[in-house]
Amino acid sequence: MYLIGSGAGFSGDRTDAAQAVVASIIASGHPGAVIFETLGERTLALGQVAKRSNKDKGYEPLLADIVTPILADCLRAGIAIIGNFGAANPQAAARLIQQIARAQGFTDTKIAVITGDDLLDGLDLTGLEIWEGDTALRSDTGQIVSANVYIGARSIADALRAGAQIVVAGRVADPALVVGPAMAHYGWAWDDWDRLAQATLAGHLLECGAQVTGGYFADPGYKDVPSPATIGYPIAEIQADASFVITKAGNTGGLVDLRTVKEQILYEIHDPAAYLTPDVVLDITDVTLEPTSPNRVAVRGAHGRPRPDTLKMTVGFTGDWLGEGEISYAGPNAMARARLAAEILEARLHNKGLDVRRRFDLIGAVSVFDSENGALRQQACPPFSEDIRMRLAVSADTKHAVEQALQEVSALYCTGPAGGGGIRTRTQNRIRTVSYLVPRTKVHTSHYFLAEA
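This one's a predicted model, so the numbers in the text were calculated from it and none came from an experiment.

Participant: For this particular structure, what's the right way to read the overall build of the protein?
Facilitator: The helix and strand tally for the protein stands at 11 helices and 19 strands. Taken over C-alpha atoms, the radius of gyration comes to 25 Å for the protein, in line with the 22 Å a tight globule of 453 residues would show. Looking at the 453 residues of the protein, the share that counts as buried comes to 51%. For the protein, the exposed area adds up to about 20,000 Å²; of that, 52% sits on carbon and sulfur atoms. Of note, the protein has its 41 positive side-chain charges centred 4 Å away from the centre of its 51 negative side-chain charges.

Written out as structure tokens, the structure is:
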């Protein structure tokens, strides 16, 4: 049996999550690995922007916080660490881990860096098909800041077979973080489609961290989760036939049951009979789930077909500017005062001729369900409406236009309705992403070992 645990499901996840996972793998007495999935669609573009400002940045900002507490235990116990926390700068991330290892007394750590996902240099989008989920998006404006293809697990497996203790990657397909170490441990053939499918499904269940152990699941009174403040992150116990059990770190909160596993299996699945990944086309239509004991669900029955001929590449473009301004109104008649504040702002934006898209929300009364035309805002009359925060959101092609709009929010202190306060404003440049399909033959991945300085 081979154990693979999740230490993170996104950039910004809990930094102490992996400690209980590593402790559980060590306590089991079985070989294992811990994975970190920290990349979102825009994370790589933000990493490229950071790298342009500082050539030693561009990787996961919390890397030191998540690796430092577990590094020594993993190296001593032979638990591999695999992560896409390299983001836009895997080599710099590997150097940081090397520095942490040395500070902890490990001077000969074998750290592998995965290459081949970054296609920014010499990128030509001419003739590339847009991924079906992005066909409605604009793809002809903005400066290109990143271009990364979702690569598969082969280079991760190769690095581990070559003796890597830590594997640092940029953009790899999320399930590949599990497929790689499973392939390295069991030595399955790369055309053993059903085993690849099972390993991919295990990776899909682990890729979002605590989502399969009760995170993003709790709904008090309907779906109760024990001790979510100490939620345990998932572990897949993978057998030689690629069947596996999903469980969680010991002595932690959260839960693993049929509901949590089903929800995560269906997460982001477009076609249950043909979920495309770089390593295999996954078919989950015959998958069976069996609770074997508390917090343990056995998973079997995934089938696979040959991997697709194209790979998904996500390109980041510079986008427009977003601005947000908020002000609070409380006490008697707060709803009317908040509505008046929105009306004043609407008139001011019109009078100044500002070419901005705008949206008003009355947080505490109506926000999430409203549309940009404010239809619900005009009707809202909640039972308790004496604590309202009026929010203006605007977007424009120029930062100056956004700043002019937000200045009107600040002006409400003395020109708006009575009793307004707590104004906050924020401006940021947005990044758009569009995904394309790239012929597999155009993508070449490999690995190298970081040299000891």
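Participant: Explain unusual backbone geometry to me, please; I cannot follow it from the model alone.
Facilitator: Notably, asparagine 251 is not glycine yet its phi reads approximately 55°, a positive angle. Tracing the backbone through its elements, the reader meets asparagine 251 in the loop between β9 (244–248) and α8 (258–266). The residue asparagine 295 is not glycine, and still its phi comes out positive at about 60°. Within the secondary structure, asparagine 295 sits in the loop between β12 (288–293) and β13 (296–300).

Participant: Help me understand the packing of aromatic side chains in this model?
Facilitator: Each aromatic ring pair is specified by the distance between its two centres and by the angle formed by the two planes. Using the criterion set out here, one finds 2 aromatic pairs in the structure. When the ring of phenylalanine 36 is compared with that of phenylalanine 85, the centres are 5.8 Å apart and the planes differ by 40°; the resulting orientation is tilted. With phenylalanine 36 in strand β2 (residues 32–36) and phenylalanine 85 in the loop between β3 (80–83) and α4 (90–103), the pair connects residues that are 49 residues apart, well separated along the chain. Residues phenylalanine 36 and phenylalanine 85 agree in their burial class; the two are buried. Ring geometry for tyrosine 186 against tryptophan 188: centres 5.1 Å apart, planes inclined by 10°, an arrangement best described as stacked. With relative accessibility at 8%, the residue tryptophan 188 sits in the buried group. The ring of phenylalanine 449 has lysine 110 sitting right over it, with the charged end atom 4.5 Å from the ring centre. A cation over a ring is seen here: lysine 312 above tryptophan 131, with NZ or CZ 3.7 Å from the ring centre.

Participant: Just checking my understanding: could you explain the nonpolar core for this structure?
Facilitator: Generally speaking, nonpolar side chains in soluble globular proteins are found buried as a group. Core analysis: the largest hydrophobic core is formed by 67 residues, its most contacted members being Ile82, Leu201, Leu205, Ile238, Ile246 and Met313. Of all the elements, helix α7 (residues 193–206) adds the most residues to this core, at 8 residues. Dropping the residues within four chain positions of it, isoleucine 82 is found in contact with Ala33, Val34, Ile35, Phe36, Ile156, Leu160, Val167, Leu177 and Pro181.

Participant: Is there a simple way to think about the pattern of salt bridges in this case?
Facilitator: One side chain can pair with another of opposite charge once the charged atoms of both are near each other. Evaluation of the coordinates by the stated rule reveals 20 salt bridges. A salt bridge links aspartate 257 to arginine 259; the shortest N-O distance between them is 2.7 Å. The class for aspartate 257 is buried, based on a relative accessible area of 18%. A relative accessible area of 36% places arginine 259 in the partly exposed class. Here glutamate 403 makes a salt bridge to lysine 399, at a shortest N to O gap of 3.9 Å. Residue glutamate 403 and its partner lysine 399 are located together in helix α11 (residues 399–415), separated by 4 residues, close to a single helical turn. One network of salt bridges, with partners in common, ties together Glu324, Arg359, Asp361, Arg391 and Arg426.

Participant: For this particular structure, what's the right way to read the packing of helix α9 (residues 334–351) against α11?
Facilitator: Angle between the axes and distance between the axes are the two parameters that describe a pair of packed helices. One can describe the packing of α9 onto α11 by two numbers: an axis separation of 10 Å at closest approach and a directional angle of 130°. One element, α9, and the other, α11, form an angle in the oblique class. As for how α9 packs across α11, the hand of that crossing is right-handed. Note on element contacts: α11 touches α9 through Ala405, Glu408, Val409, Leu412 and Thr415, opposite Ala341, Ile344, Leu345, Arg348 and Leu349. By residue class, the composition of the contact of α9 with α11 is 7 nonpolar, 1 polar and 2 charged.

Participant: Just to check I follow, could you spell out the sheet that holds strand β11 (residues 281–283) for this structure?
Facilitator: Taken in spatial order, the 3 strands of this open sheet run β10-β11-β14, and their pairing is antiparallel. With one partner strand each, in any of the chains shown, β10 (275–276) and β14 (303–305) form the two edges of the open sheet. Across 3 bridges, the pairing between β11 and β14 is antiparallel. Opposite aspartate 283, over in β14, you have histidine 303 as the bridge partner.

Participant: Where do I start with helix α6 (residues 176–186) in this structure?
Facilitator: Count 3.6 residues to each turn of an α-helix, and residues three or four apart come out pointing the same way. Most of α6 sits inside the fold, with 9 of its 11 residues counted as buried. Taken as a whole, α6 has its buried residues at Ala176, Leu177, Val178, Val179, Gly180, Pro181, Ala182, Met183 and Ala184. The first or second residue beyond α6 is glycine 187, which carries a positive phi of 70°.

Participant: Just checking my understanding: could you explain empty space enclosed by the protein for this structure?
Facilitator: Which parts of space are left empty comes out when a probe the size of a water molecule is rolled across the atoms. Under the definition given, this model contains 2 cavities of 30 Å³ or more. One number sums up the size of the largest cavity: a volume of about 60 Å³. Around the largest cavity sit Gly40, Glu41, Leu44, Ala45, Ser146, Asn148, Tyr150, Arg171 and Thr314, which together line it. Roughly 40 Å³ of volume is contained in the second largest cavity. Class assignment for the residues of the lining of the second largest cavity results in 4 nonpolar, 3 polar and 3 charged.

Participant: Help me understand the pairing of β12, please; the structure alone is not making it clear to me.
Facilitator: Each regular strand displays side chains that alternate between the two surfaces of the sheet. Pairing of β12 with β13, which is carried by 5 bridges, proceeds in the antiparallel orientation. Bridged to proline 291 within β13 is valine 297. If you look at the hairpin formed by β12 and β13, you'll find 2 residues sitting between the two strands, and asparagine 295 has a positive phi there, around 60°.

Participant: Before we go on, may I ask you to explain the pairing of strand β8 (residues 234–238) in this structure?
Facilitator: When you tally the buried positions in β8, you get 5 out of 5 residues, the bulk of the element. Here β8 shows no split at all, with Pro234, Ala236 and Ile238 on one side and Ile235 and Glu237 on the other all buried. Pairing of strand β1 (residues 2–8) with β8, which is carried by 4 bridges, proceeds in the antiparallel orientation. Counterpart to tyrosine 2 in the pairing with β8 is isoleucine 238.

About the cut-offs
- Residues numbered from 1 in each chain as written.
- Predicted model: local features only at pLDDT ≥ 70, side-chain atom pairs only at ≥ 80, totals over all residues.
- Heavy atoms only, no water.
- Helix = DSSP H or I, 4+ residues; strand = E, 2+ residues; numbered from the N terminus.
- Rg over C-alpha atoms; globule rule 2.2 N^0.38 Å.
- Buried < 20%, exposed > 50% of the residue type's maximum accessible area, 1.4 Å probe, protein only.
- Areas by Shrake-Rupley, 256 points an atom, 1.4 Å probe, with all protein chains shown as cover.
- Lys, Arg positive; Asp, Glu negative; His and termini not counted.
- Charge placed at Lys NZ, Arg CZ, Asp CG, Glu CD.
- Phe/Tyr/Trp six-rings, centres within 6.5 Å; stacked < 30°, edge-to-face > 60°.
- Lys NZ or Arg CZ within 6 Å of the ring centre and 35° of its normal.
- Core = buried A, V, L, I, M, F, W, Y, C linked by side-chain atoms within 4.5 Å.
- Contact = heavy atoms within 4.5 Å.
- Salt bridge = Lys/Arg side-chain N within 4 Å of Asp/Glu carboxyl O.
- Axes fitted to C-alpha atoms, helices over the stretch in contact; angles between N-to-C directions.
- Parallel < 35°, antiparallel > 145°, perpendicular 65-115°, else oblique.
- Left-handed = near helix turned anticlockwise from the far one by under 90°.
- Nonpolar A, V, L, I, M, F, W, Y, C, P; charged D, E, K, R; others polar.
- Pairing = 2+ DSSP bridges.
- 1 Å grid on protein atoms, 1.4 Å probe; cavity = no way out; pocket = protein on both sides within 12 Å on 5 of 7 lines; lining within 4 Å.
- Points joined across faces, edges and corners; volume = space filled by probe spheres on them.

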